[in-house]
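In case you want the letters, here they are:
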Amino acid sequence: MINAIAGLLTGVLSGLGVGGGTLLMVYMITFAGIDQMTARGINLLYFIPASGGSLYFHIKNRFVDFRAAIPAIICGLLSTALSAYAATLLDEELLRRLFGLFLIVVGVREVFKMS
Amino acid sequence: MHTNSHRGKLSTRTKYAITGAAAGAANGFFGTGGGMLLVPLLIRWSKMDDRRALATSVCIIAPLSLASALVYFLRLDLSILDAVPFLLGGLPGGIIGGYLFKKIPATYLRKLLGVFIIWGGIRSLLP
């Protein structure tokens, strides 16, 4: 199935840590005709096997810094829960656009390696 | 590495916690994009090595994604059947990515990440 191939290709990117999720979202919404909310849910779930597969190697190769990961995960889970709730109260459109602007700045700095 | 650094106001562990919280916020609000904040934050703020930052970000996002996924699937009553092909493809994809990871120069990976971040930003700006 083509969806599986899309998952495979973006899975490689996700495993590399560069973010296949955005690509997969575009594929799901534009080509597979999946609605946005469902696509988001699938995107989140898809990351489990994609990251799981890659983490075997990352951990084996000792690339994962658990001193960072553990506090980050704990606070991240709390933050995810709070944010998911707050999202229902706030203007998502505005937030999303502000985030988009922020991401562009971050991305440009990464591509051009500015500090 | 010291837990309480004398330089700067925040300890290393606090920085990691805040970094995780930032990623979690993106994850909770938008369902995506958390990883895009993580890597630059880990590299620039916590001074982590490029490659470790990329790998560690995968490790951090995984449980956050799972938590958000559960919320989405339960609240929106989504069918897991729709997700199955992507899951089946994602697993070998992730394995391949994990295997290739150390063979690709970290600078390329960072730039590729940067490109995806820019793209994510542009898509977020559009309606």
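For the structure itself, consult the block above.
Residues numbered from 1 in each chain as written. Chains lettered and ligands numbered in written order. Predicted model: local features only at pLDDT ≥ 70, side-chain atom pairs only at ≥ 80, totals over all residues. Heavy atoms only, no water.

Enquirer: How do you make sense of the overall build of chain B when you look at a structure like this?
Expert: Counting its secondary structure elements, chain B contains 5 helices and 0 strands. The linear arrangement of helices and strands in chain B, starting from the amino end, is α-α-α-α-α. Counting only C-alpha atoms and orienting by the principal axes, one finds that chain B spans roughly 50 × 35 × 30 Å. For chain B, the proportion of its 127 residues judged to be buried stands at 52%. (Helix = DSSP H or I, 4+ residues; strand = E, 2+ residues; numbered from the N terminus. Buried < 20%, exposed > 50% of the residue type's maximum accessible area, 1.4 Å probe, protein only.)

Enquirer: Explanation requested: the packing of helix α5 (residues 92–111) of chain A against helix α1 (residues 12–30) of chain B in the structure shown.
Expert: Helix-helix packing is characterised by the crossing angle of the two axes and by the distance between the axes. Look at α5(A) against α1(B): their axes get within 11 Å of each other, and the N-to-C directions meet at 135 degrees. Considering the angle they form, α5(A) stands oblique to α1(B). Of the two possible hands of crossing, α5(A) and α1(B) adopt the one that is left-handed. Across the interface between the two elements, A:E92, A:L95, A:R96 and A:F99 from α5(A) touch B:A26, B:F29 and B:F30 from α1(B). Across the contact of α5(A) with α1(B), the residue classes break down as 5 nonpolar, no polar and 2 charged. (Axes fitted to C-alpha atoms, helices over the stretch in contact; angles between N-to-C directions. Parallel < 35°, antiparallel > 145°, perpendicular 65-115°, else oblique. Left-handed = near helix turned anticlockwise from the far one by under 90°. Contact = heavy atoms within 4.5 Å. Nonpolar A, V, L, I, M, F, W, Y, C, P; charged D, E, K, R; others polar.)

Enquirer: Whenever I open this one, the pattern of salt bridges confuses me. Can you help?
Expert: Opposite charge on two side chains permits pairing when their charged atoms draw close. On inspection of all chains with the given rule, the structure shows 7 salt bridges over all chains. A:D65 is the salt-bridge partner of A:R67, the closest N and O atoms lying 3.5 Å from each other. Classification of A:R67 as partly exposed rests on a relative accessible area of 48%. On the accessibility criterion, A:D65 (5% relative accessible area) is buried. In this structure, A:E110 and B:R110 form a salt bridge, with 2.9 Å as the shortest nitrogen-oxygen distance. Of this pair, A:E110 sits in helix α5 while B:R110 sits in helix α5 (residues 106–125), each in a different chain. The burial state of A:E110 is the same as that of B:R110; both residues are buried. By sharing partners, the salt bridges in this structure join A:E110, B:R44, B:D50 and B:R110 into a single network. (Salt bridge = Lys/Arg side-chain N within 4 Å of Asp/Glu carboxyl O.)

Enquirer: Would you mind showing me how to read the environment of A:A39 here?
Expert: All names here are of chain A. Its place among the elements puts A39 in helix α3 (residues 36–60). Looking at A39, the relative accessible area reads 0%, which means it is buried. Ignoring sequence-local partners within four residues, the contact set of A39 consists of M25, M28, I29 and I34.

Enquirer: What am I meant to see in the state of the cysteines here?
Expert: Two cysteines, two sulfur atoms, one covalent bond between them: this is a disulfide. This structure, assessed with the given rule, holds 0 disulfides over all chains. Between B:C59, a free cysteine, and A:C75, which holds the nearest cysteine sulfur, the sulfur-to-sulfur gap is 15 Å. (Disulfide = S-S within 2.5 Å.)

Enquirer: When you look at unusual backbone geometry in this model, what are you seeing that I'm missing?
Expert: The general pattern is negative phi for most residues beyond glycine and trans for most peptide bonds. Within the chain, A:R62 stands out as a residue other than glycine whose phi angle is a positive 60 degrees. Tracing the backbone shows A:R62 in the loop between α3 and α4 (66–87). Backbone geometry places B:D77, a non-glycine residue, at a positive phi of 55 degrees. Within the element layout of this structure, B:D77 appears in the loop between α3 (50–75) and α4 (80–100). Accessibility expressed as a relative area gives 67% for B:D77, which makes it exposed.

Enquirer: Just to check I follow, could you spell out a nonpolar patch on the surface for this structure?
Expert: Residues and elements named next belong to chain A. Together, I59, F66, I70, I74 and L78 make up an exposed nonpolar region whose accessible area comes to about 480 Å². Looking at the nonpolar patch, the element that brings in the most residues is α4, giving 4 residues. Here F66 lies in helix α4. Classification of F66 as partly exposed rests on a relative accessible area of 39%. (Patch = residues over 30% accessible without salt bridge, like charges linked within 9 Å, V, L, I, M, F, W, Y side chains within 5 Å. Areas by Shrake-Rupley, 256 points an atom, 1.4 Å probe, with all protein chains shown as cover.)

Enquirer: So what exactly am I meant to see when it comes to the nonpolar core here?
Expert: Grouped together as the largest cluster of nonpolar side chains are 61 residues, with contacts concentrated most on A:M28 and B:F86. Looking at this core, the element that brings in the most residues is α3(B), giving 12 residues. Those residues in contact with A:M28 that lie beyond four places of it in its chain are A:G33, A:I34, A:A39, A:I42, A:N43 and B:F86. (Core = buried A, V, L, I, M, F, W, Y, C linked by side-chain atoms within 4.5 Å.)

Enquirer: I tried to follow α5(A) on my own but got confused; where do I start?
Expert: Helical periodicity: at 3.6 residues per turn, an α-helix aligns residues three or four positions apart in one direction. Residues and elements named next belong to chain A. In a regular helix each residue adds 1.5 Å, so 20 residues correspond to 28 Å; α5 covers 28 Å between its end C-alpha atoms and thus fits that length. Within α5, burial applies to R96, F99, G100, L103, V106, G107, E110 and V111. What you see down the axis of α5 is that its buried residues fit within an arc of 135 degrees, all on one side. Backbone geometry just after α5 places K113 at a positive phi near 50 degrees. (Expected span 1.5 Å × (residues − 1). Arc of directions from axis to C-beta.)

The values reported here are purely geometric and, on their own, carry no functional implication.
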